[in-house]
Every structure is written in structure tokens, then in C-alpha cells.
Amino acid sequence: MNANRSPWLLMAPGLLWLVALMVVPCLLIFSLTIFERGTYGGIDWHIITAENFRRAFDPLYAVILWDSARIAGLATLIALLIGYPAAYAIAKASPRWQTVLLFLAILPFWTNYLIRTYAWIVLLNPAGLINGLLQWLGLTAGPIPLLYNEFAVVLGLVYNYTPFVILAIYSALQRLDPSYAEASRDLGASAATTFWRITLPLTAAGVAAGAVFVFVLSIGNFLTPDLLGGGKVQMVGNLIYDQFLTARDWPFGATLSSLLIGLMMIILFAQALATRRAYGEGR
Amino acid sequence: MNTKKILMAAFGLVLMTGSALADKVVISNWDGYMPKDIADKFKAATGLDLEVAVHATNEEIMGKVTASGGQGFDVLFVSSPFAEALHKLDLLAPIDPAKIPNLKNLYPEAAQLKHDPGNTFSVPYAWGTTGLCYRSDLVKGEPSSWNDLLNPADDLKGKTTMLATDRWLMAPAFLAAGVSVNTVDQAALDKARDQLVATKKTLLAYDDTTFYSKLVSGEASLVEAWDGWCNYGIAEKPEIKYVIPKEGSDLWVDTMVITKAAQNPDGAAKFIDFLLSAENGKWVVENIMYKTPNKAGMDSVDPAMLTQYPNMAIAPADLLKYEQLRDLGDGAKAFAKTVSEIMAAK
């Protein structure tokens, strides 16, 4: 009896937290999607409508969603290309250095996201440090546009989320039994073959987890496009923010949010499936 | 039985907090929009405690108030279109002139504002125009038209900013086309969108908060600006100048309103009366560098200030020539979609 009950008891705080702070708010948001914006903002509870969903499938919003996915996808790819070698190097370092290097990787989180983003404005602006250095070295004749464009947005996302990738891949590499790689080398495979055929496939779950972190956090981000994109780069996060606050159209904002939440759930589900399969094959 | 007891206890608690709140006034204002020691001064003048909450934008306080029906606040500071929307949502209490004798300090023009003639639900606190703020040493000639910003000369491309807040983002295109800043006519919206999509390619950024610093640093040469914010730039660099384009401006008005749900409506009226004193009106001009509809306050300002910041000297009668931004009502959806189209354009 007790043995049967204890898992539920142990899970209760976590489940409660999930239900109260995730499921209920999501349902609240979803419930708004069937109403209309009142004439002066707020919600008109008298009309039940599918109008919001019809509006959300206007090509305009699909383009914004696609742009967001493209920017988030690019940030994810770059974060993986930077994060994997970094995680590999950390995993190969002596245990003492591993602690130091991991500490350095998460050190930026000690500063507020907003302040770190503002720091990039100081670095990237036309009269900023990077442009000053480039001109001093004679590499560019005048300031080059580094800020208030898509480049700056992708840079900001990569900078902020790469540590997540490093941590996810590092933990996958830690779990990897070194005897697999040794066996591969003993059987005559080169270092490159061992990496491509043994190490990478066996850490795919870590790569997927890191990628999902970056992608999901990036696609909903609105601060980075606002500050580093100079408001000129619109992502779906900005669109939702604008609907809730500027246009005061909560039902439509809720509809866009629900669609984004749905998309994220599909991505997370696919990642969970992929992870399961990867571990299944690993054993 | 038990439920009843709990309910009664809860009810009693509400009543108790209600009476505890009776000698306290709760307000929400933009940060830095009143003297820092306002609570002490107000307490000394009236014996009432003042609790100040801060909102960053109209939209933020609007969200809070519509979600709670105005519970928890006595006085709010909002721009006129938001005061208008709150009034239409039936969330505001009427202004009783008998309880606010300092209304006499206002210019007669302050009671002729289109969103609320006679100040029946809102009392203006500061007002001004939106125009072009520029570096006279970096811009050739004097800008005189919104088109100087919308279709900039080659040497200004990448050196201009526009305000990011939707209504002011659209206003220059409306003014340049000679239509109302409150239009929701689809043809006018489409025309403004085409202009602003073309303009977007020439902009350094959309910027609501740091445009004057960009002028000071030389990052930008010509920006769309609220007059008071241009003054912050002028204070740091005298080469910065402000001009209202020939096509005109909007007249923006920041107002004080009393919520219908106010726990302390009398205290709220006392607070508004207190802020309408000549001394507090003068503080607005000298510290926020905005014009105020408070004549007694404007009159007590050092005339040298009006010379240094010429836009401070715009007469109230001239301000009234410009159209105020109004709540768009049902037109807001079409307006919001147009803004999204501009924001999504590359």
C-alpha cells in the first residue's frame, strides 16, 4: 500500500507546481481565444467566435512566425557549432579544470539578461568598441552596420543561450562510457571516424536537448529583437507582446500564444521521442 | 457553518483594510514624473499618506487596471487616449471641481481638450507636441517637413530614428499625407503602410527611449521626438534643435484620473489639487522639461529656460491647433494589423 502511494506523494509538490503554474495559466490563455476584443480593449465575453484563429492564419502572421523560426534556427545551429567543441574540450579537461571551465561557462548568468544585452549595444554601435577597433586597424574605412539588424539579433541569441548547449552536451559526454571510443580505436577506426560514428551519435540526445533549449527560448524572445534589432526585426514574441499591450487585443494575443505553445509542445515531444530512441539504440 | 464563518472573517478583513486605507492615497505614475519627495510634501500639506506605484508605459497600467477593474488605485497618470478608453470602459470617477480648487491654475485652453471638454473625468498634467529633433551641425539646411524624415536625403539614410509606439509610429505618415492622426480608413492605412515600409529601410532604429542620446553621440542626426525629450538632448548639446514640421503635429496630453473603484476618492481629489499647485507645476517644467497646462506653474518658470528651450514657449492656443490622438475603438484592429505589416516588412 505504502510502496504504491509513495511515488505519488513524492511527485505531488512537482505536479502541483506544474498544474498551478503551467497547466492552469495555459488553459486560461487558451480560454481567451474564443472571445472578441472589446471596443475599448479588454474582452467582450458576449461573442464566441473562431475569428481569432482565422486571423492568425493570415499569411502576414505566418511570415512573422517563419522569420522567427528562421532566426531561432540559425541561432540554434551556430550555438551548436560553438557549444559542441567547447563541451568536448571541457569533458576532456582534467577534473579540476572541468569545474573551472563549467563555472566560466555559466558565469554570464550572474548578470541580468537586460544588462548583458545593453552591453552588446555599447560594443556594436557605429561609434562603439568593435567599429573603433576595426577602423584603427585599418580593416574598414568607416563604421560597418553591426547593430539594429538581424545579425545583431542572432548574435545576441547565440551569446545568451550557448551556455545551455554547452551544459547539455557536456552532461551527455560525461555519461558516455569511454570504453566505446577505446574499442573503436582498438578496432582500427581513426579519431575522426570514432567521433562521427561513436561519440556524436551517442551524445545526440544532449545535442537535441541543447538545440531545443536554444530554439524554444529564441523563438519566443522579444527583448533581443527589440534592443539589438532596434525594433526593426519583428519576431513572434514581439507580435504577441504588441497584441497584449499595445493593441490591447488579448483574445488575439492569446490565440497567437496558444499556437506558439502548441508548436513548442510538438518540438519538445519530438525531442523526447528522439532522446528515447537514441538511448534505446545506445544500449 | 464553517464556510459561513470563513466568509464572514474574510469580509471583516476586507472591511478592516478598507478603513485602514481611508487616510492613504494610492497612485500609479511614470517613474520620475513627480518630485521624489512628493509623499513627504503631500503628508505635510494634507496629513494623508501617499503610496506611489510606478508604471513604465500607458499599456502596462492599462493592463493592470482593466484586469482588476481599477481596484487598488485611487489616482492614475495616463495619456489622454487611455484616459478616454478607461472612461468608456466605465472605470473612472467624475472629477468634482468643488473638491479641486486649484483647477483655477489651469489655462482656459486646458478645459477645451477634445478628449474631455470641461475636464469631466481627467485633469491634464503635462502636454506638448511631437516633431523633428535634429543636430543642426549634421543636417544640411533646416528640416521643415515630415517628408525630411520619411524620405530622407541620402546623407541622412541610416541616421534617423522614429518612435516605436504604434500611434506615433504611424502619425508622421498620416500628417504628411494630410489625413487625421486618428484615421482608420483602410485606404489611408494602406498608403501610410507603403510609405513607412519604404521609410523603414532608411531608419537606424525605432526608438522610444534613447533617441536623444543617439543625437548627442552623433549616431543619429534626425529623429522623431516628443518636444520634452528633445529638450534633454538640447540640455547636453546646444547644436540640437526642435521643429514642428509644416504639416503639423499631434497634441499629446498626459492626464490624472480618479478610478471609480478608488478606496479614497476625497484623498484622490486632494492629491490632484496638490499637484496643480504653482510650485508643483513649476517642478514639471524645470525637471521633466515638458510644458504644463498649469498656467500658475508656467508663469513662475525662469524666462531664460523658455529661451534655451524654445518649444517650451509654444502658446496653449497654438497647441490646441493640433489634433489629439484619440482612442480608436473598433478601428484598433485594422490599425494594429497595419502596424504588424510594417514591423514584419524587411
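These numbers were taken from a predicted model, which means no experiment stands behind them. Every chain's residues receive numbers from 1 upward, in the order its sequence appears when written. Working convention: letters from A go to chains and numbers from 1 go to ligands, in the order in which they are written. Restriction of local features to residues with pLDDT of at least 70 applies here, the model being predicted, together with a cutoff of 80 or more for giving and counting side-chain atom pairs; totals for whole chains, interfaces and linings are based on all residues.

Looking only at helices and strands, chain B features 15 helices and ten strands. For 346 residues, the compact-globule estimate of 2.2 N^0.38 gives 20 Å, and chain B sits close to it at 22 Å. Dimensions of chain B, computed from C-alpha atoms along their principal axes, come out at roughly 75 × 50 × 35 Å. In this scheme every C-beta is placed from the backbone, and a residue whose C-beta has 20 or more other C-beta atoms within 10 Å is buried, one with 12 or fewer is exposed, and one in between is partly exposed. The buried share of chain B, reckoned over its 346 residues, is 49%. Remark: residues whose backbone-derived C-beta atoms lie within 7 Å of one another are considered to be in contact. The contacts of chain B with a sequence gap of at least 6 include a subset with a gap of at least 24, amounting to 74%. Per the convention used, a helix needs a DSSP run of H or I reaching at least four residues, while a strand needs a run of E reaching at least two, with both numbered from the N terminus. Here the globule rule is a power law, 2.2 Å times the number of residues to the power 0.38, and the radius of gyration is based on C-alpha atoms.

To continue, consider the overall build of chain A. Each helix and strand in chain A was counted, giving 13 helices and two strands. Once the C-alpha set of chain A is aligned to its principal axes, its extents read approximately 75 × 75 × 35 Å. Residue burial in chain A is summarised as follows: out of 283 residues, 34% are buried. In chain A, the share of contacts with a sequence separation of at least 24, taken over all contacts with a separation of at least 6, comes to 72%.

Our next topic: the environment of V123(B). Residues and elements named next belong to chain B. Inspection of the secondary structure puts V123 in strand β4 (residues 123-135). Given 28 C-beta atoms within a 10 Å radius, V123 is considered buried. Considered as a pair, V123 and V25 are 98 residues apart in the sequence and their alpha carbons are 17 Å apart. The contact partners of V123, leaving out residues within four places of it in the chain, are I95, T255, M256 and I272.

Attention now goes to the interface of chain B and chain A. Tallying the contact residues gives 29 residues for chain B and 22 residues for chain A. Put simply, the parts of the chain that give the side of chain B that touches chain A at least two residues each are α3 (58-68), α4 (80-88), β6 (203-206) and α15 (332-344) of chain B. When residues in the side of chain B that touches chain A are grouped by element, the largest group, seven residues, is from α15(B). Amino acids are sorted into nonpolar (Ala, Val, Leu, Ile, Met, Phe, Trp, Tyr, Cys and Pro), charged (Asp, Glu, Lys and Arg) and polar (every other residue, Gly among them). Partitioned by chemical class, the residues of the side of chain B that touches chain A number twelve nonpolar, six polar and eleven charged.

So, on to the domain arrangement of chain B. Residue and element names in this part refer to chain B. Throughout the structure description, domain borders are defined by an automatic or database domain assignment. In terms of domain boundaries, chain B breaks down into domain 1 (2-127 + 252-322) and domain 2 (128-250 + 325-344). Summarising the inter-unit geometry, the C-alpha centres of domain 1 and domain 2 are found 28 Å apart. Secondary structure elements with two or more residues in the side of domain 1 that touches domain 2: α4 and β4. Considering each element in turn, the side of domain 1 that touches domain 2 owes the most residues, four residues, to α4.

Right, let's get into the packing of helix α5 (residues 113-124) of chain A against helix α7 (residues 150-175) of chain A. Helix-helix packing is described using two parameters, namely the angle between the two axes and the distance between the axes. Residue and element names in this part refer to chain A. Note on geometry: axes are C-alpha line fits, over the in-contact stretch for helices, and angles between N-to-C directions span 0 to 180 degrees. Remark: α5 packs on α7, axes separated minimally by 11 Å, with the N-to-C direction vectors making an angle of 135°. As far as their axial angle goes, α7 and α5 are oblique. Of the two elements, α5 crosses α7, and the hand of that crossing is right-handed. On α7, the residues touching Y113, R116, T117, W120 and L124 of α5 are A152, G156 and N160. A class-by-class count of the residues in the contact of α5 with α7 yields four nonpolar, three polar and one charged. Should an angle fall under 35 degrees it is called roughly parallel, over 145 degrees roughly antiparallel, and 65 to 115 degrees roughly perpendicular, with every other angle called oblique. Rotating anticlockwise by less than a right angle from the far helix to the near helix defines a left-handed crossing, while the corresponding clockwise rotation defines a right-handed one.

Once that is clear, we can look at the environment of G63(B). Residue placement: G63(B) occurs in helix α3. Put simply, G63(B) and M34(B) are 29 residues apart on the chain and 22 Å apart in space, counted from C-alpha to C-alpha.

Here we take up unusual backbone geometry. Across residues other than glycine, the phi torsion is negative in most instances, and most of the peptide bonds are trans. Of note, the phi angle at Y148(A) is positive, near 60°, even though the residue is not glycine. Within the secondary structure, Y148(A) sits in the loop between α6 (129-136) and α7. Backbone geometry places M289(B), a non-glycine residue, at a positive phi of 65°. Among the structural elements, M289(B) can be located in the loop between α11 (278-288) and α12 (295-299).

Here we take up the nonpolar core. Linking buried Ala, Val, Leu, Ile, Met, Phe, Trp, Tyr and Cys residues through C-beta atoms within 7 Å yields a set, and such a set is a nonpolar core. Grouped together as the largest cluster of nonpolar side chains are 156 residues, with contacts concentrated most on V75(B), L86(B), C133(B), F271(B) and I272(B). Among the elements that line this core, the one with the most residues is α7(A), at 16 residues. Other than its neighbours up to four places away in sequence, C133(B) contacts Y212(B), L215(B), V223(B), A225(B), C230(B), G233(B), I240(B) and Y242(B).

Those residues of α3(B) lying buried are N58(B), E59(B), I61(B), M62(B), V65(B) and T66(B). All buried residues of α3(B) fall inside an arc of 160° around its axis, so they share one side. For α3(B), the secondary structure elements touched by its buried residues are α12 (236-246) of chain A together with β1 (24-29), β3 (75-79) and α4 of chain B. Following α3(B) by one or two positions, G69(B) has its phi on the positive side, about 65°. Working definition: the arc comes from the directions between the helix axis and the C-beta atoms, pointing outward to the latter.

Our focus in this paragraph is the confidence of the model for chain B. All names here are of chain B. Confidence of the predictor at the level of single residues is given by pLDDT, which spans 0 to 100. For chain B, the average pLDDT comes to 91, and 94% of its residues sit at 70 or higher. Confidence drops under a pLDDT of 50 for residues 1-20, and excluding neighbours within four residues, the segment shows one contact in the predicted structure. Reported for the predicted complex are a pTM of 0.86 and an ipTM of 0.83.

Attention shifts here to helix α9 (residues 191-202) of chain A. In a regular helix each residue adds 1.5 Å, so twelve residues correspond to 16 Å; α9(A) covers 15 Å between its end C-alpha atoms and thus fits that length. Taken across its twelve residues, α9(A) has one buried, putting it largely on the surface. A helix is expected to span 1.5 Å multiplied by its residue count minus one.

Residues and elements named next belong to chain B. By the secondary structure assignment, G158 is in the loop between α5 (147-150) and β5 (160-162). When the 19 C-beta atoms within 10 Å are taken as the criterion, G158 is described as partly exposed. Distance from G158 to L204, taken between C-alpha atoms, is 4.5 Å for residues 46 residues apart in sequence. Leaving out residues up to four positions away in the same chain, G158 has contacts with T202 and L204.

Right, let's talk about the pairing of strand β9 (residues 250-258) of chain B for a bit. All names here are of chain B. Of all the nine residues making up β9, nine are buried; the element is thus mostly covered by neighbouring parts of the structure. Neither face of β9 is left uncovered, since the one carrying D250, W252, D254, M256 and I258 and the one carrying L251, V253, T255 and V257 both have all their residues buried. At least two bridges found by DSSP between two strands is the condition for calling them paired. Pairing of β3 with β9, which is carried by five bridges, proceeds in the antiparallel orientation. Pairing of V75 across the sheet is with I258, part of β9. Strand direction decides the pairing type here: β4 and β9, joined by six bridges, are antiparallel. In the strand pairing of β9, P124 is matched with T255. When β9 meets strand β10 (residues 323-324), the two strands line up parallel, connected through two bridges.

Once that is clear, we can look at the packing of helix α6 (residues 166-177) of chain B against helix α7 (residues 186-200) of chain B. Residue and element names in this part refer to chain B. Close contact between α6 and α7 brings their axes to 9 Å; oriented N to C, the two are set at 110°. Comparing their axes, α7 and α6 come out roughly perpendicular. Crossing handedness for the pair α6 and α7: right-handed. On α7, the residues touching M170, A173, F174 and A177 of α6 are A188, K191, A192, Q195 and L196. Here the residues of the contact of α6 with α7 are counted per class, giving seven nonpolar, one polar and one charged.

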